Amino acid sequence: QKDNYVDLDKYYINFNKQFENNYNLLVNTYYYNDLYDYISSPQDTTGDGESDTYAKHSDEDIVQKGLKLEFTKDSEKFGYLFGYEFGNKNFEDKSDTLIDYSSTSRGVTTDYYKGERNDIEDNQDKNALYTEFKYQLTPKLVTTLNARFDNLEDTYDITNLDYDGTTWSTTKVNRDKDYNEMSYRIGLTYKLNDSNSLYSNISTGFRTPTVDQLYAGDIRGGVYKNNEDLKVQDTTSYELGLRNSMTLFDIKINNDFAIFQTDNKNIIGRNEGTYFSDDEVYFDNVGDARNRGFELSLQTDPSKFISFNLSYTYLKSEYTSHKPFYVALTNLDPSYDIVGNELPRVPRHTLNLTTNINISKQTKFISEVFARSNYYADETNDIKMPGYAYLNLQLRHNMKVDKNNLEFFAKVNNVFDKQYYQTVFLTGDRNGDDVLDAEDATITVSPGREFLVGLKYTF
């Protein structure tokens, strides 16, 4: 990509009202937009081996807005919550062809012409009702029950303006899909003493297929086929933990330790593998996965001169079942049994340490260390990417303006300009050497050292 223009804006309004008898009303609204404008697909039009122009111009606009309402009643013995959530995400991708050019993939050459255009609009609406009930069964035992109903609507519109070398044509595609899904959670908390509590949770979740996965043949065309029988991906999570408060060297430390397991059923993916394209490609429920691990967090009193917040996660994520997985190479399409392999881009170890120094009542210095261990870049587990760690520093100063809070902050991200890969994907044998290796990876590198300053006014 070249000549990138990016505009990121975020707006939100929060309202919180406490009434008598422990009733509370919370209203949150937000509006985000991410706007991108860039040119891509470099081409060599002079035959000298050097790219001298770009073939594509794209506008990608993502607008998200939403509202959340929550009404709660809390008491020592019994409490409840009723909530409503609305969310809308609108994605528009407009792409223009700037020059005539040809592209060859796996021996097939496709011609593109100046003036061809592809417009995509994906609109997703979410309406949800949810509730929570908390009840103290005994002086030491509290149970919590949650239920949530989601109505999801996804509408996909495409308009293509194409040229075949002789005639211009316009094609339009419109597809939509609705889902109504329920999810639940039950939790128990047992107070061992004033400093220790045991807790456990069982919860469910889901991921619905997108319209372009259900109707890949209508939307993507080519070798893609529709699969309207795609099942919803289901998730069941189990957690058991201990909350503890202790004093070490006259420092009070609150800690939380939990072990967990999450089972994912009916994972949605391409029928024969992410990197494979045959005469018939469609999205299918390709397998199951299991995540197991533990989390540890330690926190000291933030009002002290020096305080810290440490969190560490160990996570092993692996496929428990999967259809044969294929890798697309020019002369060979080998298949792999990836059952037992780790999921790509999931590190086993993640550490975050934040240290706060209260220079004064108004001024705070904050350091943050973030680290991730190495991870596999693909499902075959043949290509491993290195881990990384970086340091962020920031200074915050608060003051009162007309009885409201005004905060100034200055921040340096990645202080030592650490070079690392943010995300890594493999989409096939990109360099055509009949080997799938790190040279074929699509990599998003770190932005390097960043400087930020800003103001936050709360009223």
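A brief structural summary.

On to the pairing of strand 7 (residues 117-136), then. Bridge analysis of strand 4 (residues 78-97) against strand 7 gives 19 bridges, and the strand direction is antiparallel. Among the inter-strand pairings, Gly 83 is bridged to a residue of strand 7, identified as Tyr 130. For strand 7 and strand 8 (residues 141-163), the ladder comprises 20 bridges, and the chain directions are antiparallel. Bridge assignment links Thr 131 to a residue of strand 8, and that residue is Ala 147. Taken together, strand 7 and the strand that follows it, strand 8, pair antiparallel across an intervening segment of four residues.

With that settled, the discussion passes to unusual backbone geometry. Positive phi is not limited to glycine here, since Arg 345 has a value of about 65°. Relative to the helices and strands, Arg 345 resides in the loop between strand 16 (335-336) and strand 17 (349-358). The backbone of Asn 414 sits at a positive phi, close to 55°, despite the residue not being glycine.

The subject of this paragraph is the side chain of Asn 352. As for its position among the elements, Asn 352 is in strand 17. Overall, the relative accessible area of 16% leaves Asn 352 in the buried class. Polar contacts involving the side chain of Asn 352 include one to the side chain of Glu 368, which spans 2.9 Å.

Taken together, Asp 44, Asp 48, Glu 50 and Asp 52 make up a surface patch of like negative charges. Exposure remark for Asp 44: the relative accessible area of 35% places this residue in the partly exposed category.

Attention shifts here to the packing of aromatic side chains. Tallying each qualifying case throughout the model produces 18 aromatic pairs. When the ring of Tyr 101 is compared with that of Tyr 112, the centres are 4.9 Å apart and the planes differ by 15°; the resulting orientation is stacked. Of the two residues, Tyr 101 is situated in strand 5 (residues 101-105) and Tyr 112 in strand 6 (residues 108-112); the sequence distance between them amounts to eleven residues. The interplanar angle of 15° and the centroid separation of 4.1 Å between the aromatic rings of Tyr 388 and Tyr 420 together place this pair among those described as stacked. Here Tyr 420 lies in the loop between strand 22 (404-413) and strand 23 (421-426) and Tyr 388 lies in strand 21 (residues 388-401), a separation of 32 residues in the sequence. Members of the aromatic cluster, connected to one another through ring pairs, are Phe 78, Tyr 80, Phe 82, Phe 133 and Tyr 135.

So, about the nonpolar core. Counting residues in hydrophobic clusters, the biggest one holds 17 residues, and the most contacted among them are Tyr 156, Ile 158 and Ile 219. Mapped by element, the contributors of at least two residues to this core are strand 8, strand 9 (168-191), helix 1 (211-214) and helix 2 (216-220). Tallying contributions element by element places strand 8 first for this core, with three residues. Apart from the residues lying within four places of it in its own chain, the contact partners of Ile 158 are Asn 118, Asp 119, Ile 120, Thr 171, Lys 172, Val 173 and Ile 219. Among the nonpolar cores identified, the runner-up in size contains eleven residues, and Ile 267, Leu 315, Tyr 319 and Val 346 belong to it.

Quick look at the side chain of Asp 263 now. Turning to its location among the elements, Asp 263 is positioned in strand 12 (residues 251-270). A polar contact is formed between the side chain of Asp 263 and the side chain of Arg 290, at a distance of 2.6 Å. Those residues in contact with Asp 263 that sit more than four places away from it in its chain are Asp 234, Thr 235, Thr 236, Tyr 238, Ala 289 and Arg 290.

Conventions we followed
- Residues numbered from 1 in each chain as written.
- Predicted model: local features only at pLDDT ≥ 70, side-chain atom pairs only at ≥ 80, totals over all residues.
- Heavy atoms only, no water.
- Pairing = 2+ DSSP bridges.
- Helix = DSSP H or I, 4+ residues; strand = E, 2+ residues; numbered from the N terminus.
- Buried < 20%, exposed > 50% of the residue type's maximum accessible area, 1.4 Å probe, protein only.
- Polar contact = N/O pair within 3.5 Å; in protein donor to acceptor, adjacent residues only side chain to side chain.
- Patch = residues over 30% accessible without salt bridge, like charges linked within 9 Å, V, L, I, M, F, W, Y side chains within 5 Å.
- Areas by Shrake-Rupley, 256 points an atom, 1.4 Å probe, with all protein chains shown as cover.
- Salt bridge = Lys/Arg side-chain N within 4 Å of Asp/Glu carboxyl O.
- Lys, Arg positive; Asp, Glu negative; His and termini not counted.
- Charge placed at Lys NZ, Arg CZ, Asp CG, Glu CD.
- Phe/Tyr/Trp six-rings, centres within 6.5 Å; stacked < 30°, edge-to-face > 60°.
- Core = buried A, V, L, I, M, F, W, Y, C linked by side-chain atoms within 4.5 Å.
- Contact = heavy atoms within 4.5 Å.

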